[in-house]
Amino acid sequence: MTLWEVDIHPAEGYPDQAAARVLDDARDLGIPAMELRAAHGYLLQGTLDEAEVKSIAASLLADPIVERSIVSPPAEL
């Protein structure tokens, strides 16, 4: 079995809504403005090759209109 990491980011040219929400909350707490980017991710494990994982990421995990997915083996800890 192979373990895959799928990271979902905003697509080029689209706002980073999650980062904006965190910055709004930080501002409410008195934390100074900073540059922030947000993403969310998934770990998939199975007998899947890279093409299959990319297909799953594009069709099920990300909205291809406003998001982009990056598929890779997870970084070694």
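Attention here is on the structure that accompanies the text. In this convention, every chain numbers its residues from 1, walking through the sequence in written order. Only residues with pLDDT of at least 70 are given local features in this predicted model, and only at 80 or more are side-chain atom pairs given and counted; all residues enter the totals for whole chains, interfaces and linings. Hydrogens are left out, water is left out, and the side-chain values use all remaining heavy atoms of the structure.

1. Thoughts on the sheet that holds strand β1 (residues 2-10)
Here, any two strands with at least 2 DSSP bridges between them count as paired. By the criteria applied, helices consist of DSSP H or I runs no shorter than four residues and strands consist of E runs no shorter than two, each listed in order from the N terminus. Taken in spatial order, the three strands of this open sheet run β2-β1-β3, and their pairing is antiparallel. This sheet does not close on itself; its edge strands, each paired only once, are β2 (40-46) and β3 (67-72). Between one strand axis and the next, the sheet turns through 25° on average, direction left out of account. Two strands pair when backbone bridges link them, and β1 and β3 are joined in this way by six bridges, in the antiparallel orientation. Note on β3: the bridge partner recorded for Ile-8 is Ser-69. Angles here are taken between N-to-C directions and fall from 0 to 180 degrees, while the axes themselves are lines fitted to C-alpha atoms, restricted in helices to the stretch in contact.

2. Some details on the nonpolar core
One broad rule of soluble globular proteins: the nonpolar side chains tend to lie buried together. Nine residue types can take part in a nonpolar core, namely buried Ala, Val, Leu, Ile, Met, Phe, Trp, Tyr and Cys, and a core is a set of them joined through side-chain atoms within 4.5 Å. Exposed residues in this analysis have more than 50% of their type's maximum accessible area, buried residues have under 20%, and partly exposed residues fall in between, with area computed by a 1.4 Å probe over protein chains only. The biggest cluster of nonpolar side chains holds nine residues, and these are Trp-4, Val-6, Ile-8, Leu-44, Val-53, Ala-57, Leu-61, Ala-62 and Val-71. Elements with a minimum of two residues in this core: β1 and α2 (50-61).

3. Here we look at the pattern of salt bridges
When a carboxyl oxygen of Asp or Glu lies within 4 Å of a side-chain nitrogen of Lys or Arg, that pair is called a salt bridge. Tallied over the full model, the rule gives two salt bridges. Between Asp-24 and Arg-27 there is a salt bridge; the shortest N-O distance is 2.3 Å. One end of the pair, Asp-24, and the other, Arg-27, are both in helix α1 (residues 17-28), three residues apart, so they sit about a helical turn from each other. Assessed through its relative accessible area of 36%, Asp-24 is described here as partly exposed. We note a salt bridge from Lys-54 to Glu-50, for which the minimum N-O separation is 3.5 Å.

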